[in-house]
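This is what each chain is made of:
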Amino acid sequence: MDCIFCKIIKGEIPSTKLYEDDEFIVIKDVNPQAPVHLLAIPKEHFASVAELDDERAVVVGKMIKKLAEIAKEKGLDDGFRIITNKGKHGCQSVAHLHLHLLGGRQLDEKMG
Ligand code: DGP
């Protein structure tokens, strides 16, 4: 499958990995929009939150928990944002579900 995140997970494309377990990885975003911009990516390929089932939702919950832990380790005590994009209107550019962690500066109040 021609998926850039599957290739990163398999090690076929290099990335800066901060965390890995059997279910997901956390890497630095290649095009950071904030001083801290990380991506949590499940190892199972599925496109977006629209494809969640109960099992996948548990993994996504663990991804959120891990990102919050990393945010604490990185000293983002003034706050941060965790988001996921879905489809064209959501500006999703990679069709493999991922969560963004953004922090380290004042983020925009407007979400869209
Ligand atoms: P989204 O627009 O929500 O689909 O975000 C995709 C993000 O993935 C975007 O912020 C840039 C990042 N990205 C794309 N290709 C690569 C890559 O090869 N390596 C890394 N580390 N990040 C990538």
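Everything discussed here concerns the structure shown above.
Residues numbered from 1 in each chain as written. Predicted model: local features only at pLDDT ≥ 70, side-chain atom pairs only at ≥ 80, totals over all residues. Heavy atoms only, no water.

To continue, consider the side chain of D29. Summarising the element assignment, D29 is placed in the loop between β2 (24-28) and β3 (36-42). No salt bridge is formed by the buried D29; the nearest opposite charge belongs to K28, separated by 11 Å. Among the polar contacts listed, one links the side chain of D29 to the backbone nitrogen of N31, at a separation of 2.7 Å. Setting aside its immediate chain neighbours within four residues, D29 contacts H37, L38, L39 and H100. (Helix = DSSP H or I, 4+ residues; strand = E, 2+ residues; numbered from the N terminus. Buried < 20%, exposed > 50% of the residue type's maximum accessible area, 1.4 Å probe, protein only. Lys, Arg positive; Asp, Glu negative; His and termini not counted. Salt bridge = Lys/Arg side-chain N within 4 Å of Asp/Glu carboxyl O. Polar contact = N/O pair within 3.5 Å; in protein donor to acceptor, adjacent residues only side chain to side chain. Contact = heavy atoms within 4.5 Å.)

Now for the sheet that holds β2. Taken in spatial order, the 5 strands make up an open sheet running β1-β2-β3-β5-β4, and their pairing is antiparallel. Two strands close off the open sheet at either side, each with one partner strand: β1 (17-20) and β4 (80-83). Across the sheet, the mean angle from the axis of one strand to that of its neighbour is 15°, orientation sign disregarded. Note: β2 against β3, 5 bridges, orientation antiparallel. Paired with V26 across the bridge in β3 is A40. Its contacts with the sheet place helix α2 (residues 54-73) against β1, β2, β3, β4 and β5 (99-103), and it is angled at close to 40° to β2. (Pairing = 2+ DSSP bridges. Axes fitted to C-alpha atoms, helices over the stretch in contact; angles between N-to-C directions.)

Before going further, it helps to examine α2. Residues separated by three or four positions in an α-helix point in the same direction, a consequence of the helix having 3.6 residues per turn. Here α2 spans 29 Å end to end across 20 residues, near enough to the 28 Å set by a 1.5 Å rise per residue. Residues R56, V59, V60, M63, K66, L67, I70 and A71 constitute the buried set of α2. Down the axis of α2, the smallest arc covering the buried residues is 140°, so these residues share one side. Turned more than 90 degrees away from the buried face of α2, the exposed residues are D54, K65 and K72. Buried residues belonging to α2 abut β1, β2, β3, β4 and β5. By the N-cap criterion, in which a side-chain oxygen at the helix start approaches the backbone nitrogen of a residue two or three places on, α2 is capped by D53, the distance to E55 being 3.2 Å. Positioned one or two residues after α2, G75 has a phi angle of 75°, which is positive. (Expected span 1.5 Å × (residues − 1). Arc of directions from axis to C-beta.)

Attention now goes to the site of the ligand. Taken together, 15 residues surround the ligand, and among them K28, D29, N85, S93 and H100 come closest. Separating a nitrogen atom of the ligand from a backbone N or O atom of K28 is a distance of 2.9 Å. The separation between an oxygen atom of the ligand and a polar main-chain atom of V94 is 3.0 Å. Mapped onto the shell around the ligand, the elements with two or more residues apiece are α1 (4-10) and β2. The element best represented in the shell around the ligand is α1, accounting for 3 residues. Class assignment for the residues of the shell around the ligand results in 8 nonpolar, 5 polar and 2 charged. (Near = heavy atom within 4 Å. Nonpolar A, V, L, I, M, F, W, Y, C, P; charged D, E, K, R; others polar.)

Moving on to the packing of aromatic side chains. A full pass over the atoms with the stated rule returns 1 aromatic pair. Ring centres 5.4 Å apart and planes at 40° place the aromatic pair Y19 and F24 in the tilted group. Overall, the relative accessible area of 24% leaves Y19 in the partly exposed class. Stacked on the ring of F46, the Lys or Arg R56 has its end atom at 4.3 Å from the ring centre. (Phe/Tyr/Trp six-rings, centres within 6.5 Å; stacked < 30°, edge-to-face > 60°. Lys NZ or Arg CZ within 6 Å of the ring centre and 35° of its normal.)

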